[in-house]
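# Inside the fold
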Number of protein chains: 2
Amino acid sequence: MGFCLQSSGVVVRHKSLKSSLLFPRNQVVNTIIRKQRLPRPKFSMCNTMKEKLEKSSILPFPIMINGCTGKMGRAVAEAAVSVGLQLIPKSFSSSEKSGEIVQLCGTNIQLHGPSEREGVLSSVIDQHPNVIVVDYTVPSTVNESVELYCKIGVPFVMGTSGGDREAMFETVQDAKVYAVISPQMGKQVVAFLAALEIMGEEFPGTFSGYSLEVMESHQASKVDTSGTVKEVISCFRKLGVSFELDQIQKIRDPKTQLEMVGVPEEHLSGHAFHRYHLTSPDQTVSFEFQHNVCGRSIYAQGTVDAAIFLATKVQSKAEKRIYNMIDVLREGNMR
Amino acid sequence: MGFCLQSSGVVVRHKSLKSSLLFPRNQVVNTIIRKQRLPRPKFSMCNTMKEKLEKSSILPFPIMINGCTGKMGRAVAEAAVSVGLQLIPKSFSSSEKSGEIVQLCGTNIQLHGPSEREGVLSSVIDQHPNVIVVDYTVPSTVNESVELYCKIGVPFVMGTSGGDREAMFETVQDAKVYAVISPQMGKQVVAFLAALEIMGEEFPGTFSGYSLEVMESHQASKVDTSGTVKEVISCFRKLGVSFELDQIQKIRDPKTQLEMVGVPEEHLSGHAFHRYHLTSPDQTVSFEFQHNVCGRSIYAQGTVDAAIFLATKVQSKAEKRIYNMIDVLREGNMR
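Residue positions are counted from 1 within each chain, in the order its sequence is given. Each chain takes a letter, starting from A, and each ligand takes a number, starting from 1, following the order in which they are written. In view of the model being predicted, local features appear only for residues whose pLDDT reaches at least 70, and side-chain atom pairs are presented and counted only at 80 or more, with totals across whole chains, interfaces and linings using the full set of residues. Processing note: side-chain calculations cover all non-hydrogen atoms of the structure and skip hydrogens and water entirely.

Burial analysis of strand 14 (residues 285-294) of chain A places ten of its ten residues in the buried class, which makes it a mostly covered element. Per-residue accessibility, obtained with a 1.4 Å probe over protein chains only, is compared with the maximum for each type, and a residue is labelled buried under 20%, exposed over 50%, and partly exposed between these values. Note on conventions: DSSP H or I runs of at least 4 residues are helices, E runs of at least 2 residues are strands, and numbering of each starts at the N terminus. Burial of the side chains of strand 14 of chain A extends over both faces: Val285, Phe287, Phe289, His291 and Val293 of chain A are buried on one face and Ser286, Glu288, Gln290, Asn292 and Cys294 of chain A on the other. Paired strands are those between which DSSP finds at least two bridges. Connecting the antiparallel pair strand 13 (residues 271-279) of chain A and strand 14 of chain A is a turn made up of five residues, with glutamine 283 of chain A showing a positive phi of about 65°. Inspection of the sheet shows strand 14 of chain A paired to strand 14 (residues 285-294) of chain B by nine bridges, in the antiparallel sense. Paired with asparagine 292 of chain A across the two strands is serine 286 of chain B, which belongs to strand 14 of chain B.

This is the structure in structure tokens:
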């Protein structure tokens, strides 16, 4: 028995859980249907990836970062260069910035507005047939960009959220272009969400009667409620908890964040703190989950992992073309 | 590095360097959140179960609680009676207590020492062929008891931990007796552990390079390290975290529990608080998980759910005979 979970383009395929470490091995552990895995590495993500890069024939491959003047674009450039990827000196930008040159990690990057994009991308792929594009542009033009990637046939990692996602998937499916598409690039957050989703699917109602409190704190410029929080709450609902989105305690005031939430001052302008607290009906049991991110390095590292993952899929001519971060996690670059 | 933690209406104060990523002033945050406490759920677990009981043809069935003078036995008796189960007025006890009568939930229970057990159990099953036995006795005699349950052919829920588990499973398998066997009856804790286990199996190495801090607090009489903590750490290891058991911060001092961990005074003699804190190599990301249990009601309720689950399996003549709490969760009584 298997099932499929979907969450913002995240798909989990999971065979029936027949095990818990809690239970005697003779009963369960051997019945888990899992791929045999090699022993875990003991070293850190970067070292692991570096070793993989050095050993792999796909590397160092070139990477083109569209939207490289934005905060995420810059963070990805740094993470990419730090693992030895080659930065393409061209990037898509708004028409206002077109023609400008910006320096990123020692490379001068020429910015190209919408009218130049097709010509630029064609020349890039001519010179660098193994290029991977990373997109951290803006929701308003993301569908146009995807259409272009598909027309030219360049594999891409989509880090930009928003736009018409359904149309995006359709475009990519029709073009059979390789892509990793995910609104959440933080691998650890994705893994946490996937685990919660599995819990909700496998054990619905486990937390029936429990009350839930949710707090999320983000930079003041973020007006809307955290999408991740919405996903988590949807899982808790499956677990039997009754909760409405307007019950979320949303913190956007920097003073409160600094003094009460404990966000470091340097990260007031970019953080994502989340806290979920469950209490049993008789108040004797509580569960708490927190995931707190400062800055963008977790997303940048996840994006680079996604790019490396995608390069291996292109090289191996994998049948499957569209991936998400669950796929990246599962076949992970970190092992 | 240090932290203190309060739960169930409680507070966390983090003093470590990494604590800036958490909610170091959680006390204030908690206060804010708690002031806005949400309406209590419309129904409790017990009500849900009661409704199910009323609708079900298997109920009310009789339940025999062996070890009913212990704290868990008493808690299960209360939980069982509260959902309408019929308490059998006989219970296995030590030879010292044999012959005594104890009152539980308004029922006088006759205690029977080892020499009387077979005769007593035979007469119980003659009079109550649909009885379910719950065992909260002692590790030293648990295998003998299981042999007897199997000889007589009575379905049972095994809440007693310890004993020779491998032999126990063999005995039950050979006898084809229906049983739920689990050393952890807290359904929500089991679900949390199962989710972590899935994460470890599906996404090994996701937390590579992360550092882990673990705190567990239990009543002073508990000498050994929490088994649940060991299971959780084993999952984190699969997720790529390097951690040795001697790094666990084990708290057994009641004063510390009261003042720093935040255990309510009335639960100093029976609680299980757990906190796991993960920090990324660059200190920008942290995850925290807590599960805090006061008293025994979560285990007692889980045991009663297991008994109800087992009664349905017996009634439907299910092919599978031996179950664990994952099975109970999956087919849950609470939905």
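For our purposes a nonpolar core is just a set of buried Ala, Val, Leu, Ile, Met, Phe, Trp, Tyr and Cys residues, chained together by side-chain atoms within 4.5 Å. Among the nonpolar cores identified, the biggest contains 142 residues, and Phe236 of chain A together with Phe236 of chain B are the most heavily contacted of them. Core analysis: the second largest hydrophobic core is formed by 24 residues, Met64, Ile125, Val146 and Met168 of chain B among them.

Residues and elements named next belong to chain A. Note that serine 93 resides in the loop between strand 5 (90-92) and strand 6 (101-104). By relative accessible area, serine 93 is classed as buried at 7%. Only heavy atoms matter for contacts: two residues are in contact if any of them lie within 4.5 Å across the pair. Ignoring anything within four residues of it in the chain, the contact list for serine 93 reads Ser98, Leu111, His112, Gly113, Pro114 and Arg117.

With that out of the way, let us pick up a negative patch on the surface. Patch rule: a residue counts if its relative accessible area is over 30% and it has no salt bridge; like charges are joined within 9 Å, and nonpolar side chains (Val, Leu, Ile, Met, Phe, Trp, Tyr) within 5 Å. Note that accessible areas follow from Shrake-Rupley with a 1.4 Å probe, and for residues the cover is restricted to the protein chains shown. Each salt bridge in this description consists of a side-chain nitrogen of Lys or Arg and a carboxyl oxygen of Asp or Glu lying within 4 Å of one another. The convention is simple: Lys and Arg are positive, Asp and Glu are negative, and His and the chain ends are not counted. By convention, the charge on Lys lies at NZ, on Arg at CZ, on Asp at CG and on Glu at CD. A cluster of acidic residues, Asp164, Glu166, Glu170 and Asp174 of chain A, forms a negative patch at the surface. Assignment of secondary structure puts glutamate 170 of chain A in helix 5 (residues 165-175).

Within a beta sheet, neighbouring strands are joined by backbone hydrogen bonds and run either parallel or antiparallel to one another. Residues and elements named next belong to chain A. Ordered by their spatial adjacency, three strands build an open sheet running 5-7-6, and the pairing between neighbours is mixed. This sheet does not close on itself; its edge strands, each paired only once, are strand 5 and strand 6. Taken pair by pair, the neighbouring strands of this sheet meet at an average axis angle of 40°, ignoring direction. Here strand 5 runs beside strand 7 (residues 107-112); their pairing, made up of three bridges, is parallel. Note on strand 7: the bridge partner recorded for serine 91 is leucine 111. The sheet strands contacting helix 3 (residues 117-127) are strand 5 and strand 7, and the helix crosses strand 5 at an angle near 145°. Every axis corresponds to a line fitted to the C-alpha atoms, with the helix fit spanning only the stretch in contact, and the corresponding angles, defined between N-to-C directions, vary from 0 to 180 degrees.

Attention now goes to the pattern of salt bridges. In this structure the tally under the stated criterion is 18 salt bridges over all chains. For glutamate 259 of chain A, the salt bridge identified is with lysine 255 of chain A, shortest N-O distance 3.4 Å. In this pair, glutamate 259 of chain A and lysine 255 of chain A are both assigned in helix 8 (residues 254-261), four residues apart and thus about one turn of the helix distant. Judged by relative accessible area, glutamate 259 of chain A falls into the partly exposed class, the value being 38%. Measuring nitrogen to oxygen at the nearest pair gives 2.9 Å for the salt bridge that ties arginine 252 of chain B to glutamate 216 of chain B.

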